[in-house]
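Descriptive structure summary
Take a look at the letters that make up each chain.
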Amino acid sequence: MSTQQTVRQQYDEIEESEALGLDADKAEQIVDALNTDLANAYVLYHQLHKHHWNVEGAEFRDIHVFLQEAYENMEAGADMIAERAQAIGGVPIAGPANQEEHATIEFEGEDVHDIRTSLQNDMEAYATIIEGMRDHIQLAANLGDPTTEHILKEILVGIEEDAHHIEHYLEDDTLVDSASN
């Protein structure tokens, strides 16, 4: 690790972008919202990844593949959010401890649950994330930042799709014979 200690920008400071024309006060509010979305994305990313590793049962393969797609989607969205926060003059939240502290969802913990419980926990996290992102889309619109509004809408489409798939996995209808459990 380098011994040089030059800090280019403090985490909680906004550097106004002349190119984007978004004043620092508006950018600060948007960066704070984006950092919440980013923190939520990484908390859920880790939880989905955990479930991907630990899923068992008759529907293992389909759920295993879906969970990989879901955590990859979450990571891709997180990257877009972080890059937008940086572009408008902020510093994206990067450390796991800060992400957990800044998130509005909680990681379910290290214990391994049955897949139905795991997916239920994921669906609840998705619901909280979706509600928050909708609020942040409106915030960006109200502050005159259509680009952030567009980016969040694009990410939200994928998040809602994955949440909808989880909802289907949790339905009672299954090809698995309940007598075999």
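Report on the accompanying structure. Note that this is a predicted model, so its numbers are computed, not measured.

Here's the deal with the overall build of the protein chain
Of the regular secondary structure elements, the protein chain holds five helices and zero strands. Overall, the protein chain is about 65 × 40 × 20 Å in size when its C-alpha atoms are taken along their principal axes. The buried share of the protein chain, reckoned over its 181 residues, is 39%. For the protein chain, restricting intrachain contacts to residue pairs at least 6 apart in sequence, the fraction spanning at least 24 positions comes to 79%. When the accessible surface of the protein chain is split by element, carbon and sulfur atoms take 46% of a total near 10900 Å².

Quick look at the environment of Thr-3
In this structure, Thr-3 sits in the segment before α1 (24-54). Under the relative-accessibility criterion, Thr-3 is labelled exposed at 75%. Placed 40 residues apart in sequence, Thr-3 and Val-43 show a C-alpha to C-alpha distance of 31 Å.

Focus: the nonpolar core
Ranked by internal contacts, the top residues of the largest apolar core, which has 43 residues, are Leu-44, Tyr-126 and Ile-159. Ignoring sequence-local partners within four residues, the contact set of Ile-159 consists of Met-74, Tyr-126, Ile-129, Ile-130 and Met-133.

What about the packing of aromatic side chains?
Going through the model one piece at a time under the given rule, you end up with three aromatic pairs. With a centroid separation of 5.5 Å and an interplanar angle of 90°, the aromatic rings of Tyr-45 and Tyr-71 are classed as edge-to-face. Taken together, the positions of Tyr-45 in helix α1 and Tyr-71 in helix α2 (residues 60-87) put the pair 26 residues apart, joining distant regions of the chain. With centroids separated by 5.5 Å and ring planes inclined at 55°, the aromatic side chains of Phe-66 and Tyr-169 adopt a geometry described as tilted. Of the two residues, Phe-66 is situated in helix α2 and Tyr-169 in helix α5 (residues 146-169); the sequence distance between them amounts to 103 residues. Each member of the aromatic cluster is reached from another via a ring pair, and the members are Tyr-42, Tyr-45 and Tyr-71.

Remarks on a negative patch on the surface
A surface patch of like charges, here negative, comprises Asp-12, Glu-13, Glu-15, Glu-16, Glu-18, Asp-23, Asp-25, Glu-28 and Asp-32. Secondary-structure assignment places Glu-18 in the segment before α1. By relative accessible area, which is 81% here, Glu-18 ends up exposed.

Remarks on the side chain of His-52
Looking at where His-52 falls in the secondary structure, it is placed in helix α1. Apart from residues no more than four positions distant in its own chain, His-52 is found in contact with His-64, Leu-67, Gln-68 and Tyr-71.

Quick look at the environment of Ala-27
Take Ala-27: it is sitting in helix α1. Taking the C-alpha atoms as reference points, Ala-27 and Glu-16, 11 residues apart in sequence, are found 7.6 Å from one another. Those residues within four positions of Ala-27 in sequence are excluded, and the remaining contacts are Ile-14, Leu-22 and Ile-88.

Conventions and cut-offs
- Residues numbered from 1 in each chain as written.
- Predicted model: local features only at pLDDT ≥ 70, side-chain atom pairs only at ≥ 80, totals over all residues.
- Heavy atoms only, no water.
- Helix = DSSP H or I, 4+ residues; strand = E, 2+ residues; numbered from the N terminus.
- Buried < 20%, exposed > 50% of the residue type's maximum accessible area, 1.4 Å probe, protein only.
- Contact = heavy atoms within 4.5 Å.
- Areas by Shrake-Rupley, 256 points an atom, 1.4 Å probe, with all protein chains shown as cover.
- Core = buried A, V, L, I, M, F, W, Y, C linked by side-chain atoms within 4.5 Å.
- Phe/Tyr/Trp six-rings, centres within 6.5 Å; stacked < 30°, edge-to-face > 60°.
- Patch = residues over 30% accessible without salt bridge, like charges linked within 9 Å, V, L, I, M, F, W, Y side chains within 5 Å.
- Salt bridge = Lys/Arg side-chain N within 4 Å of Asp/Glu carboxyl O.
- Lys, Arg positive; Asp, Glu negative; His and termini not counted.
- Charge placed at Lys NZ, Arg CZ, Asp CG, Glu CD.

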